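# Residue-level structural notes
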Protein chains: 2
Amino acid sequence: MKDINEKSTYHHGDLRETLLVVATKMLQESGIKEVSLRKLASRVGVSRTAPYHHFKDKNALLCGMAEKGFEQLHQINKNGYEDEELSIREHFYRFIHDYIQFAHNNPDLYELMFGRTIWKDKSSTQELRDSAYPCFQFQVAMTQEWQKKGLFNVDDNALRASQVLWGTVHGIAKLFIDGIYTDNSKIDEICDYAVSMFLSNSKQ
Amino acid sequence: MKDINEKSTYHHGDLRETLLVVATKMLQESGIKEVSLRKLASRVGVSRTAPYHHFKDKNALLCGMAEKGFEQLHQINKNGYEDEELSIREHFYRFIHDYIQFAHNNPDLYELMFGRTIWKDKSSTQELRDSAYPCFQFQVAMTQEWQKKGLFNVDDNALRASQVLWGTVHGIAKLFIDGIYTDNSKIDEICDYAVSMFLSNSKQ
DNA sequence: AAAGCAAAGTTGACACTGTCAAGTTAACGT
DNA sequence: ACGTTAACTTGACAGTGTCAACTTTGCTTT
């Protein structure tokens, strides 16, 4: 491992990681449209094609960025779930709220994580899937737990329930992110209302 | 108006409409990534920059395509709502089902209609908004009607209810379209389950 | 009917993109 | 100390959206 502080002239030392960090920064600063391999390379101070020695193509770079996003999101879900001071209903609210808040705080990253760019046409890398699937499964597990405890008054099918729930948070998040729901100050209200629609006759 | 069957050498006659039709066809055939102005122009048999006399830029063309999509979707919603043989619960189911089916049948068009490409950064044209807003409002009106008739057991706030409902159908549709939910044969089951989650204690 | 003007369509050009091929540099294991 | 190989570079190509300047056509006005 090379000293990070020492600027090497030819070999960069940790280019792969640097590319991911800087690309993500560019994404957050100016949106996906401004993330080009050439701009990225130039900003990192390396030639146009240097990234190709660390990522097969642009798609692989994007997958790498999304990967880190899924780790973050997974962690957020875990934190909420493991908070022992909350009631089940509060856990449920927190999941919805935290999820949509994450999307709202990282709109372009969220867009990337769930966009067809990296998922459609089998273009997702193995590493991306390895990072995303546990995140998905955790949501199913949470739903299963809630359902077991009687939070929803429906047939006991955790997979279906979680697919609908995830659809709801994903949809609301997207409608905000994409600029169709425009009044950001109403996010909390909408989360609240979603909770009451799902739990209107819950035993909890 | 020029005879449509007669091929004119210089002036096309109805280029704007032709561009919209052919571009939409390209979209359905090979996805948004394959829709370029140059390919489109060449396929229509016209020079690269001819489209600029009918659309300010590529974004305006995309808005024009989305516009037609909203008219279709609006019509589908209307048809379902005006079917007098259905109970309220059936109306609700049909809305969810038809909506997701539309998205599933026209994945790339749906993606375009609701994607940030045409909505974010104030890039939507006035005509697009004129076509989309009535479609949105119709959904709010439907929800209001359902709520008035006691379909949901929550506070009487049609806007919030419709935002959550739309979020749900939009989210489920997107998760299928973008290749994250992959088993298309389960669409109907998920729609069913969504209905029961919302109506589990409804009076209807 | 002739003139003229605006709309519609053209070619050339520019800056930008992702990616390949071929060459160069430097680091590391034998 | 040497040679292999990974990391990095430059040159090149095909493709993109869009602008400016030019040509053709059709319609309106005199």
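Everything numeric here is computed off the predicted structure, so don't read it as measured data.

With 45 residues of chain B at the contact, the number on the chain A side is 45 residues. When chain B packs against chain A, close to 3800 Å² is buried across both sides, 64% of that on carbon and sulfur atoms. Contact with chain A buries area across many residues of chain B, yet R116(B), Y193(B) and M197(B) alone supply 20% of it, more than any other trio. Remark: the boundary between chain B and chain A carries eight salt bridges. Here D108(A) makes a salt bridge to R116(B), at a shortest N to O gap of 2.7 Å. Counting the contacts that link chain B with chain A gives 15 residue pairs in polar contact (both at pLDDT 80 or more). Of all the elements in the fold, those that place two or more residues in the side of chain B that touches chain A are α5 (107–114), α6 (116–119), α7 (126–148), α8 (158–177) and α9 (187–199) of chain B.

Evaluated as defined, the whole model comprises 35 aromatic pairs over all chains. When the centroid spacing of 5.3 Å and the interplanar angle of 80° are considered together, the rings of F92(A) and W146(A) count as edge-to-face. Here F92(A), found in helix α4 (residues 88–105), pairs with W146(A), found in helix α7 (residues 126–148); they are 54 residues apart in sequence, far enough to count as distant. Classification of W146(A) as buried rests on a relative accessible area of 2%. Here W119(B) and F136(B) contribute two aromatic rings whose centre-to-centre distance is 6.4 Å and whose plane-to-plane angle is 40°, an arrangement assigned as tilted.

Before going further, it helps to examine the relation of the copies chain B and chain A. Note on the identical chains: chain B maps onto chain A by a rotation of 180° and an axial translation of 0.0 Å, with an RMSD of 0.0 Å. Put plainly, the chains are arranged around a two-fold axis. In this assembly, 100% of the residues forming the interface of chain B have copies in chain A that are likewise at the interface, indicating an isologous arrangement.

To find the voids left in a structure, one rolls a probe of water-molecule size over its atoms. For the largest pocket, the calculated volume is near 1800 Å³. Put simply, the parts of the chain that give the lining of the largest pocket at least two residues each are α1 (15–30), α3 (58–81), α5 (107–114) and α6 (116–119) of chain A together with α3 (58–81), α5 and α6 of chain B. A per-element tally of the lining of the largest pocket places α1(A) first, with four residues. For the lining of the largest pocket, the residue count by class is eight nonpolar, 13 polar and 18 charged.

It is worth spelling out the nonpolar core at this point. With 134 residues, the main nonpolar core has F92(A), F114(A), F92(B) and F114(B) as its most contacted residues. If sequence neighbours within four positions are ignored, F114(B) has contacts with D178(A), I180(A), F70(B), L73(B), Y99(B), W119(B), F136(B), W166(B) and H170(B).

On to the confidence of the model for chain A. Per-residue confidence for chain A gives a mean pLDDT of 91; residues scoring 70 or more make up 93%. For residues 1–7 of chain A, every residue scores under 50 in pLDDT, and the model assigns this stretch two contacts once sequence neighbours within four places are set aside.

What follows deals with the UniProt feature "domain: HTH tetR-type" (unreviewed entry) in chain A. When the UniProt feature table is mapped to this numbering, "domain: HTH tetR-type" (unreviewed entry) covers residues 13–73 of chain A. Regarding residues 13–73 of chain A, the helix share stands at 66% and the strand share at 0%, and the terminal C-alpha atoms are separated by 29 Å.

With that settled, the discussion passes to unusual backbone geometry. Residue and element names in this part refer to chain A. Phi is positive for D121, which is not a glycine, with a value near 60°. Along the chain, D121 falls in the loop between α6 and α7. Here D121 falls in the exposed class, since its relative accessible area comes to 68%. You will see that K122, though not glycine, has its phi angle at about 55°, which is positive. The topology assignment puts K122 in the loop between α6 and α7.

Calculation criteria
- Residues numbered from 1 in each chain as written.
- Chains lettered and ligands numbered in written order.
- Predicted model: local features only at pLDDT ≥ 70, side-chain atom pairs only at ≥ 80, totals over all residues.
- Heavy atoms only, no water.
- Contact = heavy atoms within 4.5 Å.
- Buried area = accessible area lost by both parts, 1.4 Å probe.
- Salt bridge = Lys/Arg side-chain N within 4 Å of Asp/Glu carboxyl O.
- Polar contact = N/O pair within 3.5 Å; in protein donor to acceptor, adjacent residues only side chain to side chain.
- Helix = DSSP H or I, 4+ residues; strand = E, 2+ residues; numbered from the N terminus.
- Phe/Tyr/Trp six-rings, centres within 6.5 Å; stacked < 30°, edge-to-face > 60°.
- Buried < 20%, exposed > 50% of the residue type's maximum accessible area, 1.4 Å probe, protein only.
- Least-squares fit on C-alpha atoms with pLDDT ≥ 70 in both.
- 1 Å grid on protein atoms, 1.4 Å probe; cavity = no way out; pocket = protein on both sides within 12 Å on 5 of 7 lines; lining within 4 Å.
- Points joined across faces, edges and corners; volume = space filled by probe spheres on them.
- Nonpolar A, V, L, I, M, F, W, Y, C, P; charged D, E, K, R; others polar.
- Core = buried A, V, L, I, M, F, W, Y, C linked by side-chain atoms within 4.5 Å.
- pLDDT = per-residue confidence, 0-100.
- UniProt positions renumbered as here; feature names shortened; annotations may be inferred.

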